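Listed below are the residues making up each chain.
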Amino acid sequence: MKTSLIFKLFTFFFISSRCVAASCPADSFDGFSRVFINDTKVQFGYTVSPVETVFYQEQDDDVKEVKESRILKFSDFPIVNSKGYDGEREIYVDKEKLEVVVKGNDSGYQISLSFSPKNRCWYLVKITDYSM
């Protein structure tokens, strides 16, 4: 009898904590993207693994697109932030494409984040760095 009660309490707390952890930080993609940009824990929790990364390199007077599939470590975060050394950054949210573009002020910094819907929320699936 006592074991059954302990098991029920354990199960209740385990399921409750999983439900809280699995809840999306916002009800809309616009709201979610703004939380994602400014919260390292949300970035870490809502990024697929591995994530596709795309960046551009200059090679022999040409620009080459480089694609990689990376497993990000916690030390790789934050991926992006709304503020940089160049001040406030411009943030564009495309609700149709589920994409967020972050641009620096006159610094050439430009990152595109592509999301995919999953479990009633959105997960980062691709990072494209247009900065050169």
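All values derive from a computational prediction rather than experimental measurement.

About the criteria used
- Along each chain, numbering runs from 1 in the same order as the chain's sequence is written.
- Since the coordinates come from a predicted model, pLDDT governs what is reported: local features require at least 70, and pairs of side-chain atoms require 80 or more to be given and counted, while whole-chain, interface and lining totals use all residues.
- Values shown for side chains rest on all heavy atoms present in the structure; no hydrogens or waters enter the calculation.
- Only protein atoms enter the 1 Å grid used here, on which a cavity is any set of points holding a 1.4 Å probe that cannot leave and a pocket is any open set flanked by protein within 12 Å on both sides along at least five of seven lines; residues with an atom within 4 Å of a point are listed as lining.
- Grid points are joined across faces, edges and corners, and a volume is the space filled by probe spheres set on the points.
- Secondary structure elements are taken from DSSP: a helix is a run of H or I of four residues or more, a strand is a run of E of two residues or more, and numbering for both begins at the N terminus.
- In the scheme used here, Gly and all other residues not listed as nonpolar or charged are polar, with Ala, Val, Leu, Ile, Met, Phe, Trp, Tyr, Cys and Pro taken as nonpolar and Asp, Glu, Lys and Arg as charged.
- Pairing between two strands is assigned when DSSP locates at least 2 bridges connecting them.
- Where helices are involved, their axes are fitted lines through C-alpha atoms of the stretch in contact, as for all axes, and angles between N-to-C directions lie from 0 to 180°.

1. A short note on the layout of surface pockets
Working step 1: Reported here for the largest pocket is a volume of approximately 210 Å³.
Working step 2: Around the largest pocket sit Thr53, Val54, Phe55, Glu68, Arg70, Leu72, Asp76, Ile79, Ile111, Ile127 and Asp129, which together line it.
Working step 3: Put simply, the parts of the chain that give the lining of the largest pocket at least two residues each are strand 1 (47-59), strand 2 (62-70) and strand 8 (121-129).
Working step 4: If you tally residues by element for the lining of the largest pocket, the top one is strand 1, at three residues.
Working step 5: Here the lining of the largest pocket is built from residues that sort into six nonpolar, one polar and four charged.

2. Points about the sheet that holds strand 6 (residues 99-103)
Working step 1: Read across the open sheet, the six strands follow the order 2-1-8-7-6-5; overall the sheet is mixed. Bordering the open sheet on either side are strand 2 and strand 5 (90-94), each of which pairs with just one other strand. Shown here is a sheet whose adjacent strand axes are inclined to one another by a mean of 20°, direction ignored.
Working step 2: Across five bridges, strand 5 lies against strand 6 in antiparallel orientation. In the sheet register, Glu90 faces strand 6, and the bridge partner there is Lys103.

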